[in-house]
Amino acid sequence: MANKEDTTQVFHIIKALNGARPFKVFERFLETPEGQARFQERRYLPPLLDNHEDLAKLPENTVGRAYLHFMQSQGLTAQGLVDEYAKFESSNKFEASEDFMWFANRLRDTHDLLHVFTGYSRDALGEACVLGFTYSQDKNIGARFIAYMAGLEIKKSVPKGAPVFAAIKQGEALGKAAVKIYTQDIMALMEEDLEAARKRLNVGTPTRYFEVHDALRSNNIDPYALIAAA
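Since this is a predicted model, take the numbers as computed values, not measurements.

About the criteria used
Residues numbered from 1 in each chain as written. Predicted model: local features only at pLDDT ≥ 70, side-chain atom pairs only at ≥ 80, totals over all residues. Heavy atoms only, no water. Helix = DSSP H or I, 4+ residues; strand = E, 2+ residues; numbered from the N terminus. Rg over C-alpha atoms; globule rule 2.2 N^0.38 Å. Buried < 20%, exposed > 50% of the residue type's maximum accessible area, 1.4 Å probe, protein only. Contact = heavy atoms within 4.5 Å. Areas by Shrake-Rupley, 256 points an atom, 1.4 Å probe, with all protein chains shown as cover. Polar contact = N/O pair within 3.5 Å; in protein donor to acceptor, adjacent residues only side chain to side chain. Core = buried A, V, L, I, M, F, W, Y, C linked by side-chain atoms within 4.5 Å. Axes fitted to C-alpha atoms, helices over the stretch in contact; angles between N-to-C directions. Parallel < 35°, antiparallel > 145°, perpendicular 65-115°, else oblique. Left-handed = near helix turned anticlockwise from the far one by under 90°. Nonpolar A, V, L, I, M, F, W, Y, C, P; charged D, E, K, R; others polar. Salt bridge = Lys/Arg side-chain N within 4 Å of Asp/Glu carboxyl O. Phe/Tyr/Trp six-rings, centres within 6.5 Å; stacked < 30°, edge-to-face > 60°. Lys NZ or Arg CZ within 6 Å of the ring centre and 35° of its normal.

## Here's the deal with the overall build of the protein chain
- Counting secondary structure elements, the protein chain contains 15 helices and zero strands.
- Taking 230 residues into account, the globule formula puts the C-alpha radius of gyration at 17 Å, and the protein chain, at 17 Å, falls close to it.
- For the C-alpha atoms alone, the extent of the protein chain along its principal axes is close to 50 × 40 × 30 Å.
- By residue count, 48% of the 230 residues in the protein chain fall in the buried class.
- A separation threshold of at least 6 residues defines the contact pool for the protein chain, and within that pool the share at least 24 residues apart is 74%.
- Accessible surface, the protein chain: about 11,400 Å² in total, of which carbon and sulfur atoms supply 52%.

## A look at the side chain of glutamine 137
- For glutamine 137, the position within the fold is in helix 10 (residues 124-138).
- Since its relative accessible area comes to 4%, glutamine 137 is described here as buried.
- At 3.0 Å, the side chain of glutamine 137 and the backbone oxygen of glycine 175 are in polar contact.
- In this view, glutamine 137 contacts Gly175, Ala178, Val179, Lys180, Ile181 and Tyr182; residues no more than four positions away in its chain are not counted.

## Describing the nonpolar core
- Core analysis: the largest hydrophobic core is formed by 50 residues, its most contacted members being Tyr67, Leu113, Leu125 and Met190.
- With seven residues, helix 10 is the single largest residue contributor to this core.
- With residues near it in sequence (within four places) discarded, tyrosine 67 still touches Leu49, Leu55, Ala78, Asp112, Leu113, Val116 and Met190.

## Overview of the side chain of asparagine 18
- Mapped onto the elements, asparagine 18 comes out in helix 1 (residues 8-18).
- Take asparagine 18: its relative accessible area is 9%, and that puts it in the buried class.
- At a separation of 2.9 Å, a polar atom in the side chain of asparagine 18 contacts the main-chain amide nitrogen of glycine 142.
- Leaving out residues up to four positions away in the same chain, asparagine 18 has contacts with Asn140, Ile141 and Gly142.

## Let's talk about unusual backbone geometry
- Even without being a glycine, arginine 42 presents a positive backbone phi close to 45 degrees.
- Relative to the helices and strands, arginine 42 resides in the loop between helix 3 (33-41) and helix 4 (45-49).
- With a phi close to 55 degrees, asparagine 220 is a non-glycine residue in the positive phi region.
- Inspection of the secondary structure assignment puts asparagine 220 in the segment after helix 15 (207-218).

## A look at the packing of helix 10 against helix 11 (residues 141-155)
- Where helix 10 contacts helix 11, the axes come no closer than 8 Å and their chain directions differ by 150 degrees. Overall, the two elements helix 10 and helix 11 adopt an arrangement that is roughly antiparallel. Between helix 10 and helix 11 lies a crossing of left-handed hand. Here Ala124, Leu125, Ala128, Leu131, Gly132, Thr134 and Tyr135 of helix 10 lie close against helix 11, whose contacting residues are Ile141, Ala143, Arg144, Ile146, Ala147, Ala150 and Ile154.
- Considered class by class, the residues forming the contact of helix 10 with helix 11 number eleven nonpolar, two polar and one charged.

## Observations concerning the pattern of salt bridges
- Scanning the entire structure with this criterion turns up 13 salt bridges.
- Note that arginine 198 and glutamate 195 form a salt bridge whose closest N and O atoms lie 2.6 Å from each other. Separated by three residues within a single helix, arginine 198 and glutamate 195 lie in helix 14 (residues 194-200), roughly one turn from each other.

## Describing the packing of aromatic side chains
- A complete count under the given rule lists 16 aromatic pairs for this structure.
- Relative to phenylalanine 100, the ring of phenylalanine 23 lies with its centre 4.2 Å away and its plane at 25 degrees, an arrangement referred to as stacked. In this pair, phenylalanine 23 is assigned in helix 2 (residues 21-30) and phenylalanine 100 in helix 8 (residues 98-109), connecting sequence segments 77 residues apart.
- For the pair tyrosine 209 and phenylalanine 210, a centre-to-centre distance of 5.4 Å together with 55 degrees between the ring planes defines the contact as tilted.
- With relative accessibility at 1%, the residue tyrosine 209 sits in the buried group.
- Three or more aromatic residues link up through ring pairs in this structure, and these residues are Phe23, Phe26, Phe29, Phe39, Phe100, Trp102, Phe103 and Tyr182.
- It is arginine 42 that lies over the ring of phenylalanine 39; its NZ or CZ is 3.9 Å from the centre.
- Directly above the aromatic system of tyrosine 135 lies the positively charged group of lysine 139, at a separation of 5.1 Å from the ring centroid.

Rendered as structure tokens:
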């Protein structure tokens, strides 16, 4: 709550709450044809996602171009999230096989891609809604906890009646209805038309999130100024 950009704290919460659940999600992932295909490839995504030169060569309206715009406009890199995890890992050794860590890293490294697919931005509510979406995709209890704790904090600053928790719940519903993004061939996905990919993966529109933004702006409140935005 002191600084929503302190991503290292996310990893502390996830470790504290998730228990053995991620291992079970990994087992179910390996039982699917898509999971087996991704596991056989075992690509390490950050260098591929940070190859902005290649992404810039993709046609307009592709997932890759939208991802590139999002990352550059926000001053983000995939490696940056890896570096945040490294701060956590330096004092919190996680006992797991290399195979599982590849999977855990894949979940981490596709986080910003979820923003692109869902339309949630990086304001406090947008991050909370993406975490709700994430919970339904990979049953990350820590992500759900953060989403609703953020919702409680956001409620202190929004106009009465603004559907903050409805927006987070809709994020969960959208994540449940959608194909699991982390099962996809991410680099092939980058070449798809964004709207066509959204339709194929059944990613719906976050209407309640936009309702909250409208309510905030109608009351001269900047959505991006909530919860210690950097």
